[in-house]
Amino acid sequence: MKSEREELRNIVDRADIAGDWKKLLSEAFQALGSRSDSLLEEIGRRVEREVANLRTGWNQEWNIVTVLADCGREVSGFYPIDRTGEADAEEDLLGEAQYIDMGGTYFLDCSYAEAEALCSAEYADTCPYSGSLEVQGEKLAFRYRLVHDLRCIEAERLLFDVADIYRISKPVVFSPYSRRAVKIQIPRQDSRAADVLRELPEDDLTPYCLPDNKLAGRLLAGKKLLWNLRLGELELPQYQPGGECSTSYASPYRDSITYGYEFKEQRNCDFVSPDADDIVSLIDAEKDGERELITLRAQKLLVNKCRFLRIIRAEDNIADYRRKVSGAVFFRNYADPLSVPAEMSSVWAKERLRTRGDIERVLGSLRMSELDLQGEFVAVEAAAKKGFQVCQRYARELSYGEASCSQREQALYKKWRSLPFCYIRFSGNAKFLSDYAEYVLFYLENRYPDFQWVGVL
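Rules used throughout
Position numbers for residues count from 1 along each chain, tracking the sequence in the order it is written. Given that the model is predicted, a residue must reach a pLDDT of at least 70 before its local features are reported, and side-chain atom pairs must reach 80 or more before they are shown or counted; all residues, however, enter totals for whole chains, interfaces and linings. Side-chain metrics in this entry use all non-hydrogen atoms of the structure; hydrogen atoms and water are not considered. Secondary structure elements follow DSSP: runs of H or I no shorter than four residues count as helices, runs of E no shorter than two count as strands, and numbering proceeds from the N terminus. Polar contact is defined as a pair of N or O atoms within 3.5 Å, subject to the rule that within protein one atom must be able to donate a hydrogen and the other to accept it, and that residues adjacent in sequence are counted only when both atoms are side-chain atoms. To qualify as a nonpolar core, a set must consist of buried Ala, Val, Leu, Ile, Met, Phe, Trp, Tyr and Cys residues joined through side-chain atoms within 4.5 Å. Here the term buried applies to any residue with accessible area under 20% of the maximum for its type, exposed to any over 50%, and partly exposed to those in between, with areas from a 1.4 Å probe on protein chains only. The pairing criterion for strands is at least two bridges between them, as found by DSSP. Here the axes come from fitting lines to C-alpha atoms, over the contacting stretch only for helices, and the angles between their N-to-C directions go from 0 to 180 degrees. Note on contacts: a residue pair qualifies if any of its non-hydrogen atoms lie within 4.5 Å across the two residues. Any two rings among Phe, Tyr and Trp, with Trp reduced to its six-membered ring, count as a pair given centres within 6.5 Å; such a pair is stacked if its planes are under 30 degrees apart, edge-to-face if over 60, and tilted if neither. To sit over a ring, a charge needs its Lys NZ or Arg CZ within 6 Å of the ring centre and within 35 degrees of the ring normal.

Draft legend 1. Representation of the side chain of R145. Of note, R145 is situated in strand 6 (residues 138-148). Reaching out from R145, the side chain makes a polar contact with the backbone oxygen of A121 at a distance of 3.3 Å. At a separation of 2.9 Å, a polar atom in the side chain of R145 contacts the side chain of Q185.

Right under this line is the structure:
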């Protein structure tokens, strides 16, 4: 740019014009050149900042912890997983609810396979358990069943939306007890018993005759499921030219218009996502930690409030809680730092697995030493092999994220090429072994679709 300015100055000096005009033109070209230099420097800084933001991926901030704790205990830095919505009861063809939900918060404390055996299918017409009440000296018998409560799982959808928007390459969340949450349902014909049960304390399970139904020690009441997340909503920013607050804008993009929304003063641990109905319109999101700014760009105007998520640092809270209280169970979505070598810190950036060492490094980064859970590479085979005991996978409605995403990608790959089978052997804590296998396999299927991943015991 300096050479161009010198050339312009030389042209002006050689021009056959009055001295005053020469001076005026020289000063004008000098100002324009300085302005051009300033703009180019600003564009360069912005490009460097955006590239750095794209490379960040925000993996370091993405450390989600879930905990099952007693309702009467407060855990600093942890908040209840959203369970405020009421699940719809099953309806018959006439629209009348066939079962009565007893409300409350209940969990099964057993392995995933046992939990599946203890629960009835939502649309099945079965009530395998019997209970008994005494009302005004009269014994009142009733039937009941357990079905999966999906409200905690539905709350997880926000995490997968955010992880996708901000290019989080780490596993999103590990939450076995979301898959152990259950509802107690009583048939409509036993509504009298249901009315009486509603008047009892939530943690009074005596009428359900747990020992007789082989549910003693398995069905838990008086517990709550927490995570180190604070959730909320943010109003869509309004257009304020030159304002310092959050702003919105419209700008040309190819042959259409892009709508931008800036959320200022958002820390590294903060994430903003469009509402579930608006997310299909999102083009991209930029998170600038240096300027504490999040920008959402959409192809259509957003209509609803945006969702807000803040991750609370949990390590110190966990240590303090364990010193004071026993019995709480914590689950992290990342490996125990003591069990993973320092070179594992870059494993989340690996796009393809090309060697056995690559696979073993990823499995090592997913090891959970606290629960004695790990996956071990067995073999890569061109065709499926018999003789393995295959791990039980989650039912579709209990799966992490969008259950069909990895299946669609796998199907697309299989259509054009024959994928090798990669066998992983899982071992460790029997209660959570199936949960851990699902967690690892789901991650591998979505992150590395070049293989057909098979978990074995």
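Having seen the structure, we can now continue with the description.
Draft legend 2. Region of the structure containing the nonpolar core. Among the nonpolar cores identified, the biggest contains 73 residues, and W62, Y166 and W453 are the most heavily contacted of them. Broken down by element, the residue count for this core peaks at nine residues, all from helix 10 (residues 433-447). With 27 residues, the next largest nonpolar core counts V135, A193, L197 and Y208 among its residues.

Draft legend 3. Structural view of unusual backbone geometry. The phi torsion at E265 lies on the positive side, around 60 degrees, for a residue other than glycine. Residue position: E265 is located in the loop between strand 12 (256-264) and strand 13 (270-273). In this model, D372 sits at a positive phi of 55 degrees, which is unusual for a non-glycine residue.

Draft legend 4. Just the sheet that holds strand 20 (residues 452-456), in detail. Ordered by their spatial adjacency, three strands build an open sheet running 18-19-20, and the pairing between neighbours is mixed. Of all strands in the sheet, those with a lone pairing partner are strand 18 (374-381) and strand 20, marking the two edges. With strand direction ignored, the average angle separating the axes of adjacent strands in the sheet is 25 degrees. Here seven bridges tie strand 18 to strand 19 (residues 421-427), and the two strands are oriented antiparallel to one another. Note on strand 19: the bridge partner recorded for E381 is F421. Sheet contacts for helix 8 (residues 356-365): strand 18, strand 19 and strand 20; angle to strand 18, the most-contacted strand, approximately 155 degrees. The sheet contacts of helix 10 involve strand 18, strand 19 and strand 20, and relative to strand 19 the element is tilted by about 150 degrees.

Draft legend 5. Main features of the pairing of strand 9 (residues 223-227). Most of strand 9 sits out of view: five of its five residues are buried. Bridge count for strand 1 (residues 65-70) against strand 9 is five bridges, and the pairing is antiparallel. For L68, the partnering residue across the bridge sits in strand 9 and is L225. Sheet analysis places strand 2 (residues 79-80) next to strand 9, joined by two bridges and oriented antiparallel. Of the residues in strand 9, the one forming a bridge with P80 is L226.

Draft legend 6. Structural view of the sheet that holds strand 2. Taken in spatial order, the four strands line up as 2-9-1-17 in an open sheet, and their pairing is antiparallel. Since the sheet does not close on itself, it has two edges, and those belong to strand 2 and strand 17 (329-332), each with one partner. Relative to strand 17, strand 1 runs antiparallel, the two sharing four bridges. Note that in strand 17 the partner of V67 across the bridge is F330.

Draft legend 7. Structural detail: the packing of aromatic side chains. This structure, assessed with the given rule, holds 23 aromatic pairs. For the pair F388 and Y423, a centre-to-centre distance of 4.6 Å together with 25 degrees between the ring planes defines the contact as stacked. One end of the pair, F388, is in the loop between strand 18 and helix 9 (405-416); the other, Y423, is in strand 19, with 35 residues separating them in the sequence. Classification of Y423 as buried rests on a relative accessible area of 3%. On the numbers, 6.3 Å between centres and 85 degrees between planes, the contact of Y443 with Y448 is edge-to-face. In textbook terms, an aromatic cluster arises when at least three aromatic residues are bridged by ring pairs, as seen for F107, F174, Y177, F331, F426, F432, Y436 and Y439. Above the face of the Y400 ring, R179 is positioned so that its terminal group lies 4.0 Å from the ring centre. K287 extends its terminal NZ or CZ atom over the ring of F271, reaching a point 4.9 Å from the ring centre.

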